[in-house]
Amino acid sequence: MISDRKNDHVRLAAEQHRPDRGNDFDDVTFIHHALAGIDQEDVSLTTQFAGIEWGTPLYINAMTGGSAKTGDINRDLAIAARETGIPVASGSMSAYLKDPSTAPTFKVLRDENPAGFIMANVNANATVEQARQAVELLAADALQIHLNAVQEIVMPEGDRSFAAWGPRIEEIVEGVGVPVFVKEVGFGLSRDTVLTLRKAGVTVADVGGRGGTNFARIENGRRVAGDYAYVDDWGQSTPACLLDASDVGLPLFASGGVRHPLDVVRALALGASAVGVAGTFLKTVLEGGPDALITQISAWLDQIKSIMTVLGAATPAGLSHCEVRICGELREFCADRGIDVRRFARPFPTVP
Ligand code: FNR
């Protein structure tokens, strides 16, 4: 039953949530310049990519819908998105495409947030017609297509056929009528994959890297034998993906393992146009409802602005001029992939 699976995902994601756990974002530090600061009133959070403008570089990433309980969660997420003005994505709408009676558990995202930027969400097996139906139900402004092959193989009832995904994405891009954002669910998009997505005409690649919610672990937790524990560390982290694909020329979003406002700023400095959060916001909304999430998002937006003020970045795009050190395992990844980390530590060498 899809609805049982959706409820399992919420329960297991909340149980495994560990905001204090280290991840590759900790390997990204800013060179501090004591005189770089600007006035916070001159800082704007507006971000632009592919001709689209968002008032904030932060969004609520795809999670739920498809069962009564997850419909309630979608309502709370929609209210928080509306009150804070941040974009929000629906969870996978496969449940709706298979069983239209689940429509209200998704449509609540639009009912509660009539003027917001909303992303519908389908898997890469969806036909153009199904993608259109998903977009239509939410009057969605964009469509997310999720790539989750690792999750599928660990999922007892998961897919085992992935060869059609590339051509399907091209067809959807061609026929769906809204911008297409392709995302991973926590295993990351490689440079090669982002290049392929650019050639397919997608609008944004959301790198969806390792470091936060772990769907290998979640699906393994749903297996009686729990015999897939060895894939727990599969994939590339979110900062690694941003560095890997920084020269591809396709707008990138960052998601996966974003724990606090500094991670958001780090991701923007590594070239992301916007940053998505799922597990951290899910935990908040489950514990405190929409009011707690509104408080958290408002605090995050304010703190993102404060950090930008110290760094002297008047816009999210301006953060890419900051000097950033890459250390630890992330530095090793860069060495293996031929990425010159000095380019980020001293982007504009000046002559005294
Ligand atoms: C997800 N995620 C997800 N992604 C997607 O594209 N379609 C989906 O249906 C879901 N479902 C889902 C359920 C739950 C409970 C969670 C927590 C997450 C994945 C999500 O969008 C994101 O890519 C990952 O969770 C990694 O980000 P975080 O959680 O580390 O911020």
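Residues numbered from 1 in each chain as written. Predicted model: local features only at pLDDT ≥ 70, side-chain atom pairs only at ≥ 80, totals over all residues. Heavy atoms only, no water.

1. Notes on the overall build of the protein
- In terms of regular secondary structure, the protein is built from 14 helices and 12 strands.
- The C-alpha atoms of the protein give a radius of gyration of 19 Å, which matches the 20 Å a tight globule of 352 residues would have.
- If one aligns the C-alpha atoms of the protein with their principal axes, the spans along those axes are about 65 × 40 × 40 Å.
- Here the protein holds 352 residues, and 56% of them are scored as buried.
- Taking all contacts inside the protein whose residues are at least 6 apart in sequence as the whole, residues at least 24 apart take part in 74%.
- Accessible area for the protein stands at about 14800 Å²; split by element, carbon and sulfur atoms hold 50% of it. (Helix = DSSP H or I, 4+ residues; strand = E, 2+ residues; numbered from the N terminus. Rg over C-alpha atoms; globule rule 2.2 N^0.38 Å. Buried < 20%, exposed > 50% of the residue type's maximum accessible area, 1.4 Å probe, protein only. Contact = heavy atoms within 4.5 Å. Areas by Shrake-Rupley, 256 points an atom, 1.4 Å probe, with all protein chains shown as cover.)

2. Examining the site of the ligand
- The full set close to the ligand counts 22 residues, and Ala62, Ser92, Lys183, Thr213 and Gly279 are the nearest of them.
- For the ligand, a nitrogen atom lies 3.0 Å from a polar atom in the backbone of Met63.
- Contacts to the ligand include Asn121, whose side-chain N or O atom sits 2.9 Å from an oxygen atom.
- Its free accessible area being 600 Å², the ligand has 96% of it covered by the protein chains.
- Element by element, the count of residues in the shell around the ligand is highest for helix H1 (residues 2-16), at 3 residues.
- Grouping the amino acids of the shell around the ligand by side-chain chemistry returns 9 nonpolar, 11 polar and 2 charged. (Near = heavy atom within 4 Å. Polar contact = N/O pair within 3.5 Å; in protein donor to acceptor, adjacent residues only side chain to side chain. Nonpolar A, V, L, I, M, F, W, Y, C, P; charged D, E, K, R; others polar.)

3. So, the packing of helix H2 (residues 68-84) against helix H4 (residues 103-111)
- Where H2 meets H4, the axes come as close as 8 Å, and the angle between the chain directions of the two elements is 5 degrees. Comparing the axis directions of H2 and H4 gives the class roughly parallel. Residues Gly71, Asn74, Arg75 and Ala78 of H2 form the contact with H4, whose own contacting residues are Thr105, Phe106, Val108 and Leu109.
- Its residues assigned to classes, the contact of H2 with H4 shows 4 nonpolar, 3 polar and 1 charged. (Axes fitted to C-alpha atoms, helices over the stretch in contact; angles between N-to-C directions. Parallel < 35°, antiparallel > 145°, perpendicular 65-115°, else oblique.)

4. A closer look at the pattern of salt bridges
- Taken as a whole and judged by the stated rule, the model has 25 salt bridges.
- Between Asp8 and Arg222 there is a salt bridge whose closest N-O contact spans 3.2 Å. Placement of the pair is Asp8 in helix H1 and Arg222 in the loop between helix H9 (215-221) and helix H10 (238-244), with a sequence separation of 214 residues.
- Since its relative accessible area comes to 22%, Asp8 is described here as partly exposed.
- Close ionic contact of Arg266 with Asp26 constitutes a salt bridge, the shortest N to O distance being 3.9 Å. Linking Arg266 in helix H11 (residues 261-269) with Asp26 in the loop between H1 and strand S1 (28-30), this pair joins segments that are 240 residues apart in sequence.
- A relative accessible area of 7% means that Arg266 is categorised as buried.
- In this structure, a network of salt bridges that share partners links the residues Arg5, Asp8, Arg11, Glu15, Glu157, Glu219 and Arg222. (Salt bridge = Lys/Arg side-chain N within 4 Å of Asp/Glu carboxyl O.)

5. Remarks on the environment of Glu287
- Relative to the assigned elements, Glu287 resides in helix H12 (residues 279-311).
- Along the chain, Glu287 and Ala14 lie 273 residues apart, while their C-alpha atoms are 9.9 Å from each other.

6. Notes on the packing of aromatic side chains
- Taken as a whole and assessed by the stated rule, the structure comprises 11 aromatic pairs.
- Relative to Phe253, the ring of Trp54 lies with its centre 5.2 Å away and its plane at 50 degrees, an arrangement referred to as tilted. Of the two residues, Trp54 is situated in strand S3 (residues 52-54) and Phe253 in strand S10 (residues 252-255); the sequence distance between them amounts to 199 residues. Phe253 shares its class with Trp54; the two are buried.
- Judged by centre distance (5.2 Å) and plane angle (45 degrees), the ring pair of Tyr59 and Phe253 falls under tilted. One end of the pair, Tyr59, is in strand S4 (residues 58-60); the other, Phe253, is in strand S10, with 194 residues separating them in the sequence. Accessibility classification places Tyr59 together with Phe253 in one group, the buried group.
- An aromatic cluster of three or more residues is present, and its members are Phe49, Trp54, Tyr59, Phe117, Phe181 and Phe253. (Phe/Tyr/Trp six-rings, centres within 6.5 Å; stacked < 30°, edge-to-face > 60°.)

7. Focus: the pairing of strand S7 (residues 142-147)
- Of all the 6 residues making up S7, 6 are buried; the element is thus mostly covered by neighbouring parts of the structure.
- Side chains Ala142, Gln144 and His146 of S7 all project onto a buried face; the interleaved residues Leu143, Ile145 and Leu147 project onto the opposite face, where all are buried too.
- Here strand S6 (residues 118-123) runs beside S7; their pairing, made up of 5 bridges, is parallel. Looking at the pairing, Ala120 lines up with Leu143 of S7.
- Between the parallel elements S6 and S7, the chain passes through helix H5 (residues 128-138) in a crossover that is right-handed.
- Here S7 pairs with strand S8 (residues 180-184) via 5 bridges, running parallel. Pairing of Leu143 across the sheet is with Val180, part of S8. (Pairing = 2+ DSSP bridges. Right-handed = clockwise from strand over helix to strand, strands pointing away.)

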